[in-house]
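Residue strings, one per chain:
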Amino acid sequence: MASRFNPLSADARWQKIWDERETFRASDASAKPKSYVLEMFPYPSGRIHMGHVRNYTMGDVLARFRRMTGHEVLHPMGWDAFGMPAENAAMEKNVHPGTWTRANIAAMKAQLKRLGFALDWSREIATCEPEYYGQEQALFLDLYEAGLVYRKESAVNWDPVDMTVLANEQVIDGKGWRSGAVVEKRKLSQWFLKITDFADDLLNGLGALDQWPEKVRLMQENWIGKSVGMRCTFHFAGRPGGFEVFTTRPDTLYGASFTAIAADHPIAQELAKNSPDLQAFIAECQQSGTAAADIETAEKKGFDTGLRVQHPFDPNWHLPLYVANFVLMDYGTGAIFGCPAHDQRDLDFARKYGLPVNRVVAPEGHENEPVGGEAYVGPGRLVHSHFLNGMEIEAAKQAVIARAQHEGWGKGTTVWRLRDWGVSRQRYWGTPIPFIHCDDCGVVPVPKSQLPVKLPEDVSFDIPGNPLDRHPTWKHVDCPKCAKASRRETDTLDTFVDSSWYFIRFASQPDDKPFDRAVAESWLPVGQYIGGVEHAILHLLYARFWTRALKKIGKIDVAEPFTGLFTQGMVTHETYKAPDGNWLSPQEVEARDGQIVAIASGEPVQRGRVEKMSKSKKNTVDPGPIVDQYGADAVRWFMLSDSPPERDLPWSEAGIEGAWRFVNRLWRLIDGLEDAQGEDKDLDRKLHKTIAGVAEDIEDLGFNKAVAKLYELANAIEKAKPSASRATAIRTVLRLVAPMVPHLAEEGWARLGEDGLVADAAWPDVDPALLVDDEVTIAVQINGKLRDTLMVAKGTPREELEKLALAAPNVLRQLDGAAPKKVIVVPDRLVNLVA
RNA sequence: GCGGAUGUGGCGAAAUCGGUAGACGCGACGGACUUAAAAUCCGUUUCCCGUUAGGGAGUGCGGGUUCAAGUCCCGCCAUCCGCACCA
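An unreviewed UniProt entry lists chain A under the name Leucine--tRNA ligase, with Sphingomonas cavernae as the source organism. The UniProt entry for chain A carries this comment under Subcellular location (unreviewed entry): "Cytoplasm". We quote the UniProt Catalytic activity (unreviewed entry) comment for chain A here in full: "tRNA(Leu) + L-leucine + ATP = L-leucyl-tRNA(Leu) + AMP + diphosphate".

Rendered as structure tokens:
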């Protein structure tokens with residue numbers, strides 16, 4: 001009597017057994033080769049979304065596969081639990097951020113468990129718990145002792161109505177997102193991590209990350225932004241003083257025709273005191289937005305200060321000094337020299353203000369060719385440049401730097417776009433920064449014996465500002481050094497700090513220290529890290545920095561945290577827009593007479609693009625009800641099917657239906673298994689090719705290809721007549737699909753009377769002899785066009801193939817008696833006749 | 001503007017080394033089973049001509065190399081992503 005696969009009961013049954021047996025608990029002491037598979041841990045927003053499901057399913061397949069191939073697998077899960085949404089919820093719903101966060105964690109954990117992920121829950125971490133952030137405070141103090149943490153004045157976005165500091169993302173068009181008040185810049189003393197100490201190493205390290213997407217490496221490279229060049233001083237003509245300039249093209253110094261400083265350069269500020277015109281110009285510069293579109297169209301504008309500066313090579317050669325809108329104070333020195341012939345911006349500027357354009361670099365034979373509308377940035381030799389004439393660009397750069405250093409007016413230097421990492425946040429829901437401010441002793445670290453510095457629970461969010469700052473008792477403490485009444489630091493750490501080392505804590509989490517070095521090193525680096533590309537820069541760069549910082553202070557010897565990185569695509573869904581401009585969910589529309597209409601009103605609606613699921617577009621699909629309807633396996637299967645994992649996956653009702661159908665087909669195969677006699681060589685080959693192919697695809701994270709191969713195998717088994725081969729194939733298929741549809745696999749494993757759990761079973765062995773066919777199809781082409789095919793034994797000699805090809809019926813007709821001019825034979829592949 | 005990725009049927013996609021383009025899935029169409037429907041099963045499905053046999057075209061566009069190009073080279077176009085006046 002045929003049985004049906006009931007995912008509701010099967011899912012629960014096997015999840016319970018995995019839990020009870022601690023099947024996926026990773027053992028530090030294991031002698032097996034270790035494999036660390038990690039997906040980016042979620043922010044506990046309250047609900048799992050499809051993106052999570054896809055992300056964690058991919059990691060899960062890999063983790064389960066690695067277990068089957070003999071690895072001790074660490075596959076942990078936790079919560080990036082600090083952050084602003086909890087404070088927003090606190091304000092809106094009058095609930096404590098901790099209560100809100102912990103409730104969300106409980107709900108999301110249940111949802112993840114419902115999907116049957118092979119996670120080691122014994123290592124679960126929530127960054128908002130003192131067990132975690134207390135250890136983070138200890139590490140922060142270690143970095144402080146090592147000189148990698150410092151304080152400095154820095155500007156923040158201040159919302160004068162909400163009396164709070166805003167993150168850049170919370171400033172919209174210069175106004176606070178909540179209050180709508182115009183945001184002010186305020187200077188606050190803040191904590192910084194010296195990531196720039198590692199700029200060179202972070203850049204160089206990218207070269208070794210060959211299992212990272214090229215795209216991410218490039219993004220990090222650009223972010224770090226290394227520029228090698230020269231710093232040099234320009235002196236004013238006819239008055240004392242001057243300023244420093246940074247350039248990557250010291251070779252073009254003889255082509256200089258002006259100098260320029262940023263609007264907020266101290267010299268500009270000074271000059272503006274006596275010049276209302278300059279004041280107005282500076283105001284104009286500051287007003288023009290740095291928004292993406294503006295810059296594209298922004299005109300180069302300058303204000304001639306009237307001051308003249310001496311050219312470093314010739315004190316009698318004077319250049320004008322402008323304040324210019326395209327010079328940035330926070331890059332280099334905030335001042336440039338302009339060489340219009342070889343820099344497009346300088347050229348635009350020079351044309352506008354009638355400044356000379358002097359070519360100093362030229363390819364062979366173009367020495368006196370004037371520069372037109374486009375600056376020349378190509379290779380060549382120096383011209384019109386005195387002692388530099390005839391040199392290649394690189395040599396000329398070195399020559400200028402050497403002379404500048406010799407004469408004392410400049411030196412070779414490297415400038416980075418990367419800034420030190422400001423980690424202070426004037427917020428409650430984050431890791432308290434473990435310092436105390438004493439009037440006499442200054443900034444004093446909290447002694448490690450007093451860690452963790454716990455967040456006070458009794459806080460309110462009904463008035464604006466930082467609750468830590470206005471808490472009646474929390475910040476009042478005695479100085480650990482002199483015992484005088486002092487104040488606690490009330491800033492908390494950027495949540496990116498929390499996620500910069502969590503993968504180490506997963507590997508080792510003793511009570512008395514952040515991690516045990518030997519244990520952590522036995523797991524690290526993470527072999528495969530999977531997550532969204534939105535973390536390509538900050539999170540990944542910060543984690544790479546922390547790993548280096550911890551290495552520098554001798555806490556761990558790991559070069560890079562993540563050997564392999566995979567950035568998966570998003571889950572997308574159709575969108576629909578009503579005539580009134582409102583979005584409609586795909587459930588609210590239907591097709592009627594070849595038109596898409598709103599079900600409620602009958603009005604025609606417009607089909608929008610297939611886009612990332614978002615509440616605003618009303619195209620989200622909640623995984624919860626889908627899992628309840630189809631079971632975890634169908635959802636997992638669908639997440640892996642069709643689209644390559646790095647690309648977007650369009651969600652569809654039909655897609656999940658298809659996955660569900662396949663789960664049932666598999667079950668029918670298992671359920672209907674009859675032991676029979678006899679060999680089916682073709683099926684044996686298909687099976688072993690699939691074993692090898694699926695393993696390869698999973699290793700490459702090519703899940704869609706693995707899925708396709710499993711479909712092919714299932715089709716072949718269904719078509720095959722009963723035989724011993726067929727029975728073996730069905731038993732083997734269970735292990736092949738186990739990483740993807742583990743509940744069904746366990747159910748089938750038990751049904752077929754196999755021992756233990758399929759989760760503990762080994763990946764099937766491949767018989768290499770069965771990977772090669774003994775018959776092959778030969779394509780017969782005439783002039784490269786397919787005309788016929790031949791079935792021949794593998795290894796049929798060339799002459800034989802040629803003879804067979806020439807005798808093929810379609811070839812005879814096409815050639816019509818003529819002999820081919822040339823015959824190309826590729827054994828076991830094709831014969832091409834050139835007529 | 002700079003950098004990167006992508007472009008193949010109605011749709012998601014395969015083709016790993018230059019060698020039969022479209023595997024696999026979805027959808028659609030036809031059929032079986034059924035009083036009927038669902039489920040399931042069988043078949044067809046790149047386009048055009050043709051009842052079949054077969055023929056022609058075809059991997060964003062235009063050139064090229066080659067016996068042979070989705071794949072290599074040159075030049076374009078479009079879409080998406082990232083960065084953005086970085087001296």
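The structure having been displayed, the exposition proceeds.
Further remarks concern the sheet that holds strand 38 (residues 822–826). Taken in spatial order, the 4 strands of this open sheet run 37-36-39-38, and their pairing is mixed. Where the open sheet ends on each side, the last strands, each with one partner, are strand 37 (785–793) and strand 38. This sheet shows a mean twist of 15° between the axes of neighbouring strands, independent of strand direction. The sheet contact formed by strand 36 (residues 775–782) and strand 37 spans 8 bridges and is antiparallel. The residue of strand 37 that forms the bridge with Ile782 is Lys785. Those strands touched by helix 25 (residues 798–807) are strand 36, strand 37, strand 38 and strand 39 (830–834), and its axis lies near 130° from that of strand 37.

The next thing to look at is the UniProt feature "binding site: ATP" (unreviewed entry) in chain A. Here, UniProt's "binding site: ATP" (unreviewed entry) annotation points to Lys615. Tracing the chain through its elements places Lys615 in the loop between strand 34 (611–612) and helix 18 (623–630).

Attention shifts here to the pattern of salt bridges. Overall, the coordinates contain 52 salt bridges when judged by the stated rule. For Arg636, the salt bridge identified is with Asp60, shortest N-O distance 2.7 Å. One end of the pair, Arg636, is in helix 19 (residues 632–640); the other, Asp60, is in helix 2 (residues 50–68), and 576 residues separate them in sequence. Of the two residues, Arg636 and Asp60, both sit in the buried class. Residues Asp201 and Arg548 are paired through a salt bridge, measuring 2.8 Å at the closest nitrogen-oxygen approach. In this pair, Asp201 is assigned in helix 6 (residues 199–205) and Arg548 in helix 17 (residues 538–552), connecting sequence segments 347 residues apart. Of the residues examined, Asp201 reaches a relative accessible area of 39% and is grouped as partly exposed.

Another aspect to go through is the environment of Lys175. Looking at the element boundaries, Lys175 is found in strand 8 (residues 175–176). Note on Lys175: relative accessible area 40%, which makes it partly exposed. Expressed as a C-alpha distance, the spacing of Lys175 and Gln587, which sit 412 residues apart in the sequence, is 37 Å.

For the rest of this paragraph, the subject is the nonpolar core. The tendency in soluble globular proteins is for nonpolar side chains to be buried as a group. Residues Tyr36, Phe503, Trp546, Trp651 and Ile698 are the most contacted members of the largest nonpolar core, which totals 170 residues. Once residues lying within four places of it in the same chain are set aside, the contact partners of Phe503 are Tyr36, Leu38, Leu524, Val526, Ala543, Thr547, Pro561 and Phe562.

On the basis of which strands lie adjacent, the open sheet formed by 4 strands has the order 2-1-26-27 and parallel pairing. Sheet topology places strand 2 (72–74) and strand 27 (562–567) at the edges, where each strand pairs with a single neighbour. The mean inter-strand angle of the sheet, taken between neighbouring strand axes irrespective of direction, is 20°. Both strand 26 (residues 526–531) and strand 27 contribute to a ladder of 5 bridges, which runs parallel. Pairing of Gln528 across the sheet is with Gly564, part of strand 27. Sheet contacts for helix 2: strand 1 (34–39), strand 2, strand 26 and strand 27; angle to strand 1, the most-contacted strand, approximately 170°.

Below, the discussion takes up the confidence of the model for chain A. For chain A, mean pLDDT is 90; residues scoring 70 or higher make up 97% of the total. Scored by ipTM, the complex comes to 0.95, with pTM at 0.92.

Here strand 12 (residues 258–261) runs beside strand 14 (residues 314–324); their pairing, made up of 3 bridges, is parallel. What sits directly across from Ile261, in strand 14, is Val323. As paired strands, strand 13 (residues 302–311) and strand 14 are joined by 7 bridges and run antiparallel to one another. The residue bridging Gln310 from the neighbouring strand is His318, located in strand 14.

With that out of the way, let us pick up helix 5 (residues 130–145). With 16 residues, helix 5 ought to run about 22 Å at 1.5 Å a step, and its terminal C-alpha atoms sit 22 Å apart, in line with that. Burial analysis of helix 5 places 13 of its 16 residues in the buried class, the great majority of the element. Positive backbone phi, approximately 80°, marks Gly147, located one or two places after helix 5.

The step from Leu451 to Pro452 runs through a cis peptide bond, and the omega angle for that step is -5°. Along the polypeptide, Pro452 turns up in the loop between strand 22 (442–445) and helix 13 (467–470). Going from Leu524 to Pro525, the amide bond is cis rather than trans, its omega being -5°. The phi dihedral of Asn783 is positive, around 55°, even though this residue is not glycine. Mapped onto the elements of the fold, Asn783 is located in the loop between strand 36 and strand 37.

On to helix 24 (residues 742–751), then. In terms of residue burial, helix 24 counts as a mostly covered element, since 8 of its 10 residues are buried. Tucked inside the fold, the buried residues of helix 24 contact helix 1 (7–21), helix 2, helix 19, helix 20 (653–671) and helix 23 (724–737). Of the residues flanking the end of helix 24, it is Gly753, one or two places downstream, whose phi is positive at about 75°.

Turning next to the environment of Ala507. The residue Ala507 is located in helix 15 (residues 502–507) in this model. The residues contacting Ala507, other than those within four sequence positions of it, are Asp28, Tyr36, Leu74, Arg123, Val519, Ala520 and Trp523.

Attention now moves to the state of the cysteines. Tallying each qualifying case throughout the model produces 0 disulfides. Cysteine Cys479 remains unbridged, with the sulfur of Cys438 as its closest cysteine sulfur at 3.7 Å.

To continue, consider the packing of helix 22 (residues 703–719) against helix 23. In the contact formed by helix 22 and helix 23, the axes pass within 11 Å of each other and the chain directions differ by 160°. Here helix 23 runs roughly antiparallel to helix 22, going by the angle between their axes. The interaxial crossing formed by helix 22 with helix 23 has left-handed handedness. The residues of helix 23 that touch helix 22, namely those facing Leu710, Leu713, Ile717 and Glu718, are Arg726, Ala729, Ile730, Val733, Leu736 and Val737. Residues belonging to the contact of helix 22 with helix 23 are distributed by class as follows: 8 nonpolar, no polar and 2 charged.

Counted by the stated rule, this structure contains 44 aromatic pairs. Arranged with centres 5.8 Å apart and planes meeting at 35°, the rings of Phe5 and Trp667 form a pair that is tilted. Of the two residues, Phe5 sits in the segment before helix 1 while Trp667 sits in helix 20, which places them 662 residues apart along the sequence. There is no split in this pair, since Phe5 and Trp667 are both buried. The rings of Phe41, Tyr502, Phe503, Phe506, Tyr529 and Phe562 are connected pair by pair, giving a single aromatic cluster. Above the face of the Phe192 ring, Lys152 is positioned so that its terminal group lies 4.6 Å from the ring centre. In this structure, Arg417 is placed above the aromatic ring of Trp223, and the distance from its NZ or CZ to the ring centre is 4.6 Å.

One ladder, built from 4 bridges, connects strand 21 (residues 435–438) with strand 22; its direction is antiparallel. Considered in strand 22, the bridge of His437 is made with Val443. Adjacent in sequence and paired antiparallel, strand 21 and strand 22 are bridged by 3 residues.

Conventions we followed
- Residues numbered from 1 in each chain as written.
- Chains lettered and ligands numbered in written order.
- Predicted model: local features only at pLDDT ≥ 70, side-chain atom pairs only at ≥ 80, totals over all residues.
- Heavy atoms only, no water.
- UniProt positions renumbered as here; feature names shortened; annotations may be inferred.
- Pairing = 2+ DSSP bridges.
- Helix = DSSP H or I, 4+ residues; strand = E, 2+ residues; numbered from the N terminus.
- Axes fitted to C-alpha atoms, helices over the stretch in contact; angles between N-to-C directions.
- Contact = heavy atoms within 4.5 Å.
- Salt bridge = Lys/Arg side-chain N within 4 Å of Asp/Glu carboxyl O.
- Buried < 20%, exposed > 50% of the residue type's maximum accessible area, 1.4 Å probe, protein only.
- Core = buried A, V, L, I, M, F, W, Y, C linked by side-chain atoms within 4.5 Å.
- pLDDT = per-residue confidence, 0-100.
- Expected span 1.5 Å × (residues − 1).
- Disulfide = S-S within 2.5 Å.
- Parallel < 35°, antiparallel > 145°, perpendicular 65-115°, else oblique.
- Left-handed = near helix turned anticlockwise from the far one by under 90°.
- Nonpolar A, V, L, I, M, F, W, Y, C, P; charged D, E, K, R; others polar.
- Phe/Tyr/Trp six-rings, centres within 6.5 Å; stacked < 30°, edge-to-face > 60°.
- Lys NZ or Arg CZ within 6 Å of the ring centre and 35° of its normal.

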